[in-house]
Amino acid sequence: MKRVLLGHAAIATLMAVAACNGGDKGATADSASGSEPQVTSGAATGTASTSGARIAVAHAGPPGEWQMPAGDYASSRYSELASITPQNAANLHVSWAFSTGVLRGHEGQPLVVGNTMYVVTPYPNVSYAIDLAQTGQPLKWKFRPDNSQQAIGRACCDVVNRGATYADGRIFYNLLDGHTVAIDAVTGNQVWRTKMGDLSRGETITMAPIVVKGKVIVGSSGGEMGVRGWIAALDAATGKEVWRAYNIGPDKDVKVGPKFKPFYAHDRGKDLGATSWPGDTWKTGGGAVWGWLSYDPALNLIYHGTSNPGPWNENQRTGDNKWTASILARDADTGEMVWALQVTPHDMWDYDAVNENILVDLPIKGQMRKVLVHFDRNGFAYTIDRATGEILLAEPFVPMNWSTGIDMATGRPNVVETKKTAQDKNVKDICPSLEGGKNQQPAAFSPQTGLFYVPTNNLCMDFQARAVTYIAGTPFIGGNAPEKGGPGGYRGEFIAWDATTGKKIWGIKEPYPVWGGALATAGGVVFYGTLDGWFKAVDARSGKVLWQFKVGSGVVGNPVTYTGPDGKQYVAIYAGIGGDMGLLIAGDVAANLPYDVRERGTTLPDIARWTSWGGELFVFSL
Amino acid sequence: MTSAVGTDTGSNYFVAGDSLRLIEHPEILPAGFPLQIKPLPIKNRYEGDKGAIANGAKLFVGYNCLDCHGADGSGAMGPSFQDGRWHFGGSPGDVFESIYQGRPDGMPAWGGRISNEQIWILTAYVRSLSSKDLSTENFTGKTVERTGH
């Protein structure tokens, strides 16, 4: 699956990038391709074949604001702002910066509503309202929630928070200890606070909510702690729970009823969320909702993914383990399941399906289709009919070897026998690794180019599964999976993807997994940050790096863009390495813990040369 | 060390190295009261016992300590045990207490859930891991395997 053939056009672009880009020295020890970002291509043309592509749902609020985690319900992360262009991006510079006062992984993104920016930190999940209209950007308020310390050690993969959402004068977000809060956007006062998760069972919350028709939609984390994953709706006015749907268990709890019409036969049947598990193992089977949510108002459907099944040791849970590692479409009013697609049935590699579902209308085989595009941990990019759950196209977007492809008749992946994990076996060289071809770092879509901009990982793993006992509040994993760089000598790549053909158009190879999200803009510039702390502006059409700035700490957050009170276009990004990559994989990037000094890991052997923990917001403009 | 005391004219404050100032009326002390306080460390009868440490390693996996503290205690959601550094003290008594009572940032309390005997065995194992001097990180050295969630 290696795509290393360089077309002539791609080589020309590569040389142009190398010439303009002398600053990046982020080389890895075994990087065969050197330290410069490089452009490769599987397609020699270098242009997208799409036309007439559009985002399914309009940007939330005025184009100069950023009111929702992804800017819109479609999860496009696209902005109409167009002042920053490939011609002038080289003049970008820091306008101002703000220390969040918190270290650890700064996933997520700020919001901009009117002349106020809202920032939520990792645990303890402090929120700030920053006045953009005044010089020096003073705070309007800060809110320091009551948030149980116990949550720190219960969150599997760092104490991250993926951001807040805005609606009707309130800021809504989740606390790591399992609460959802509503804050008055003007005063910073807490309007309500609702306990949603049970910390003693390992339930934490890290995801960013969205508000749909007066309901705040939230979901649980804890797929590594033997939780029983759920998604729920709260009344935005009162904080009262309106509905809650579990992702595993009997139909009644999962909200499978008359509306449920999955496209594939194996997803049909009674109580599959319980019967596709041995005994009552479903009760501790994972299926959490820690990723991103999308919403299609025309179909009134909420789309979300579910996490890996627990434990990792597949031996303890024979069967399909529905509805883990699935993409689910639910009625926004009731939570009822309308379709389901289990992308990795009986997952045995920790391939959560929680990555974002991007809602777009695309011309496919000469016909406009209402689709959902999803870059899964399992390494396949899916283009799916979002009304029915039918897979229109599924192609690998990263090097992979666990599957030879998707059986289009059943929707199931064809699994390579030698890459199946099993208890007490050490299965070597599985690609992608458990971090997936892509993880939480969200992709962006530009209707101008018709392309998806996708931050990816290129890691492989050995997988050693073992028996594990469920003990409430402790990890329910039963496996160890040391990782290493994937084929090609790079560990991540920022790619442009054509979801109508399933082809990569260009890619920028990175020495480390690209754990930060993407932003696409109408100016024809896309933005992303890297784990070694570079924030980059890239030409959306060619993949040429136009500008880059070293922000100090690794980027695991997502850029947003807005119009300032002065009418200028600004781009904001968090710097602050963390998440799975910064806490578990890097190991040695902390400096503030005199009692916890770690050796560096093999996966990212010299990341600590380039970055330490941090917590800073950077804002750039021309 | 005595600045807090220096501003106060009273004598009923504890000063490091002069513990008896704590007592306002030394004449009430019983005869033979030790004037120097010597620490009497709590002993773990499994300390350094190879068989117990091997059993401790099994308990460490069996009770899912491993997934929070990393393979061989190399650090994950919970702190590393390989660095010779301790947040809550590294004596056998301190480590026993950490396991027995739990700690605020998410370390579960195991007292009452598993036997004290097993906690002492885990204490011996956890203490046996702390040996490396990781003060300096030189980027040309070797690396350890880590796993993500």
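All values derive from a computational prediction rather than experimental measurement.

Draft legend 1. Expanded view of the sheet that holds strand 40 (residues 569-575) of chain A. Residues and elements named next belong to chain A. A sheet is described by the order of its strands in space; here four strands give the open sequence 4-41-40-39, paired in antiparallel fashion. Edge positions in the open sheet fall to strand 4 (93-99) and strand 39 (560-563), since each of these has one partner strand only. Across this sheet, the average inter-strand angle for adjacent strands is 25°, counted without regard to direction. Of the strand pairs in this sheet, strand 39 and strand 40 are connected by four bridges, and their pairing is antiparallel. Among the inter-strand pairings, tyrosine 562 is bridged to a residue of strand 40, identified as tyrosine 570.

Draft legend 2. Molecular detail of the interface of chain B and chain A. Each side of the interface is counted separately: chain B has 42 residues, and chain A has 51 residues. A buried area of about 3800 Å², summed over both sides, lies between chain B and chain A, and 51% of it is on carbon and sulfur atoms. At the junction of chain B and chain A, the tally comes to three salt bridges. Put simply, chain B and chain A have 16 residue pairs in polar contact (both at pLDDT 80 or more) between them.

Draft legend 3. View of the sheet that holds strand 10 (residues 170-174) of chain A. All names here are of chain A. As summarised here, the arrangement of the four strands in space is 9-10-11-12, forming an open sheet in which the pairing is antiparallel. Each having just a single partner strand, strand 9 (165-167) and strand 12 (190-195) make up the two edges of the open sheet. Averaged over all pairs of adjacent strands, the angle between their axes in this sheet comes to 20°, without regard to strand direction. Alignment of strand 11 (residues 179-184) against strand 12, held across five bridges, turns out to be antiparallel.

Draft legend 4. Representation of the state of the cysteines within the structure. Residue and element names in this part refer to chain A. The tally for this structure, following the rule as stated, stands at two disulfides over all chains. For cysteine 156, the disulfide goes to cysteine 157, at an S-S distance of 2.0 Å. Judged by the sign of its S-S torsion, about -105°, the cystine formed by cysteine 156 and cysteine 157 is left-handed. Exposure class is identical for cysteine 156 and cysteine 157. Each is buried.

Draft legend 5. Highlighting helix 4 (residues 92-101) of chain B. All names here are of chain B. Looking at helix 4, one finds that the buried residues are Pro92, Gly93, Val95, Phe96, Ser98 and Ile99. As for helix 4, its buried residues are in contact with helix 5 (116-129). Where helix 4 terminates, the next one or two residues include glycine 102, which has phi positive at roughly 80°.

Draft legend 6. Structural view of the environment of methionine 348 of chain A. Residues and elements named next belong to chain A. Relative to the helices and strands, methionine 348 is located in the loop between strand 20 (337-342) and strand 21 (357-364). Sequence separation between methionine 348 and glutamate 510 is 162 residues, and the spatial gap between their C-alpha atoms is 28 Å. Excluding anything up to four places from it in sequence, methionine 348 contacts Trp312, Glu314, Arg317, Lys420, Thr421 and Phe463.

Draft legend 7. Molecular detail of the nonpolar core. Counting 101 residues, the largest nonpolar core has Ile217, Trp339, Leu362, Phe375, Phe452, Tyr453 and Trp497 of chain A as the members making the most contacts within it. Val119, Ile171, Ala185 and Ala537 of chain A belong to the second-largest nonpolar core, a separate cluster that totals 49 residues.

Draft legend 8. Geometry of the packing of aromatic side chains. All names here are of chain B. Scanning the entire structure with this criterion turns up 36 aromatic pairs over all chains. For the pair phenylalanine 60 and phenylalanine 81, a centre-to-centre distance of 6.2 Å together with 65° between the ring planes defines the contact as edge-to-face. Separated by 21 residues along the polypeptide, phenylalanine 60 in helix 2 (residues 50-62) and phenylalanine 81 in the loop between helix 3 (65-69) and helix 4 bring together distant segments of the chain. Grouping residues by exposure puts phenylalanine 60 and phenylalanine 81 together as buried. When the centroid spacing of 4.2 Å and the interplanar angle of 25° are considered together, the rings of phenylalanine 96 and tryptophan 120 count as stacked. Taken as a pair, phenylalanine 96 in helix 4 and tryptophan 120 in helix 5 lie far apart in primary sequence, 24 residues in all.

Draft legend 9. Geometry of the side chain of serine 403 of chain A. All names here are of chain A. Tracing the backbone shows serine 403 in strand 25 (residues 403-406). With relative accessibility at 5%, the residue serine 403 sits in the buried group. Reaching out from serine 403, the side chain makes a polar contact with the backbone nitrogen of glycine 405 at a distance of 3.1 Å. Among the polar contacts listed, one links the side chain of serine 403 to the backbone oxygen of asparagine 414, at a separation of 2.8 Å. Among residues more than four places away in sequence, those in contact with serine 403 are Phe380, Pro413, Asn414, Val415 and Val416.

Draft legend 10. A look at the pairing of strand 19 (residues 326-331) of chain A. Residues and elements named next belong to chain A. Burial analysis of strand 19 places six of its six residues in the buried class, the great majority of the element. Side chains of strand 19 alternate between two faces, with Ser326, Leu328 and Arg330 and Ile327, Ala329 and Asp331 buried alike. Examined bridge by bridge, strand 19 and strand 20 share five bridges and lie antiparallel to one another. Opposite alanine 329, over in strand 20, you have tryptophan 339 as the bridge partner. Counting the residues in the hairpin turn of strand 19 and strand 20 gives five residues, including glycine 335, whose phi is positive at 85°.

Draft legend 11. Quick look at the pattern of salt bridges. All names here are of chain A. This structure, assessed with the given rule, holds 34 salt bridges over all chains. In this structure, lysine 322 engages aspartate 320 in a salt bridge whose closest nitrogen and oxygen atoms are separated by 3.2 Å. Aspartate 320 carries the same exposure label as lysine 322, and that label is buried. When salt bridges with common partners are traced through the structure, they connect Arg54, Asp296, Asp361 and Arg386 into a single cluster.

Conventions adopted
- Residues numbered from 1 in each chain as written.
- Chains lettered and ligands numbered in written order.
- Predicted model: local features only at pLDDT ≥ 70, side-chain atom pairs only at ≥ 80, totals over all residues.
- Heavy atoms only, no water.
- Pairing = 2+ DSSP bridges.
- Helix = DSSP H or I, 4+ residues; strand = E, 2+ residues; numbered from the N terminus.
- Axes fitted to C-alpha atoms, helices over the stretch in contact; angles between N-to-C directions.
- Contact = heavy atoms within 4.5 Å.
- Buried area = accessible area lost by both parts, 1.4 Å probe.
- Salt bridge = Lys/Arg side-chain N within 4 Å of Asp/Glu carboxyl O.
- Polar contact = N/O pair within 3.5 Å; in protein donor to acceptor, adjacent residues only side chain to side chain.
- Disulfide = S-S within 2.5 Å.
- Buried < 20%, exposed > 50% of the residue type's maximum accessible area, 1.4 Å probe, protein only.
- Core = buried A, V, L, I, M, F, W, Y, C linked by side-chain atoms within 4.5 Å.
- Phe/Tyr/Trp six-rings, centres within 6.5 Å; stacked < 30°, edge-to-face > 60°.

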